[in-house]
Amino acid sequence: MNQKKIGALLRELRREKNLTQEQLAEILGVTNRSVSRWENGVNMPDFDLVIEIVNYFEVSIDEFLDGERKNDMIDKKTEEKLLKVADYENAEKQKMLRRICRLFILAIAAFIVYAVLDVLELTETGIYEDIASFSLGLVFGMLLVGALFTSRYMGRIHAFKQRLLRRVKGQSTENTAG
């Protein structure tokens, strides 16, 4: 997958529809900076956005990922597989966001407990000292776990997506060759 070629194709498709980067960004619900980065080959859109892009510009996913137009269209079975990948990715993102949200809420609650104890100047007396220390430790721990979880999880999703795309693209090439 050549990001520069994909970016050039996206720019070409956008210009054919007489759209500015800002207009395309608004249609896709992203920033114009994102569109600019895609067109310059710096970044790639998320896979769910790739689906929206190919549907909007009426090109095949195969054409878009290869960065060039082709006469033969991607077969329906391959396209269905790619759509399933996009659905899976979205489900995994939602699951991760719910977990992060729970961690964040727990960290906020622990911080509020610590703040109340600190305002009441109870953080250095008896059992309240233990509760305050536990709350502060929980806040720090949740922030650390959240950072580690997101970095590990995002890497796993990206690696899975790349493997699946290579496999599907290989099957698509075999289908057109055979």
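Residues numbered from 1 in each chain as written. Predicted model: local features only at pLDDT ≥ 70, side-chain atom pairs only at ≥ 80, totals over all residues. Heavy atoms only, no water.

**Some words on a negative patch on the surface**
Move 1: On the surface, Asp118, Glu121, Glu124, Glu129 and Asp130 cluster together into a patch of negative charge.
Move 2: As for its position among the elements, Asp118 is in helix α6 (residues 76-119). (Patch = residues over 30% accessible without salt bridge, like charges linked within 9 Å, V, L, I, M, F, W, Y side chains within 5 Å. Areas by Shrake-Rupley, 256 points an atom, 1.4 Å probe, with all protein chains shown as cover. Salt bridge = Lys/Arg side-chain N within 4 Å of Asp/Glu carboxyl O. Lys, Arg positive; Asp, Glu negative; His and termini not counted. Charge placed at Lys NZ, Arg CZ, Asp CG, Glu CD. Helix = DSSP H or I, 4+ residues; strand = E, 2+ residues; numbered from the N terminus.)

**What about the nonpolar core?**
Move 1: Grouped together as the largest cluster of nonpolar side chains are 25 residues, with contacts concentrated most on Leu10, Leu24, Trp38, Phe47, Ile53, Phe57 and Phe64.
Move 2: Mapped onto this core, the elements with two or more residues apiece are α1 (3-16), α2 (21-28), α3 (32-39), α4 (47-57), α5 (61-66) and α6.
Move 3: Broken down by element, the residue count for this core peaks at 7 residues, all from α4.
Move 4: If sequence neighbours within four positions are ignored, Leu10 has contacts with Leu24, Trp38, Glu39, Ile53, Phe57 and Phe64. (Core = buried A, V, L, I, M, F, W, Y, C linked by side-chain atoms within 4.5 Å. Buried < 20%, exposed > 50% of the residue type's maximum accessible area, 1.4 Å probe, protein only. Contact = heavy atoms within 4.5 Å.)

**Some words on the pattern of salt bridges**
Move 1: For the structure on display, the rule yields 2 salt bridges.
Move 2: For Arg11, the salt bridge identified is with Glu39, shortest N-O distance 3.7 Å. Here the residue Arg11 occupies a position in helix α1, and Glu39 occupies one in helix α3, the gap between them amounting to 28 residues.
Move 3: Measuring nitrogen to oxygen at the nearest pair gives 2.5 Å for the salt bridge that ties Glu39 to Arg14. With a gap of 25 residues between them, Glu39 in helix α3 and Arg14 in helix α1 connect regions that are remote in the sequence.
Move 4: Overall, Arg14 belongs to the buried group, its relative accessible area being 7%.

**A closer look at unusual backbone geometry**
Move 1: The phi dihedral of Asn18 is positive, around 55 degrees, even though this residue is not glycine.
Move 2: Its location among the elements puts Asn18 in the loop between α1 and α2.
Move 3: With phi around 55 degrees, Glu121 is a residue other than glycine that occupies positive phi space.
Move 4: Relative to the assigned elements, Glu121 resides in the loop between α6 and α7 (126-177).

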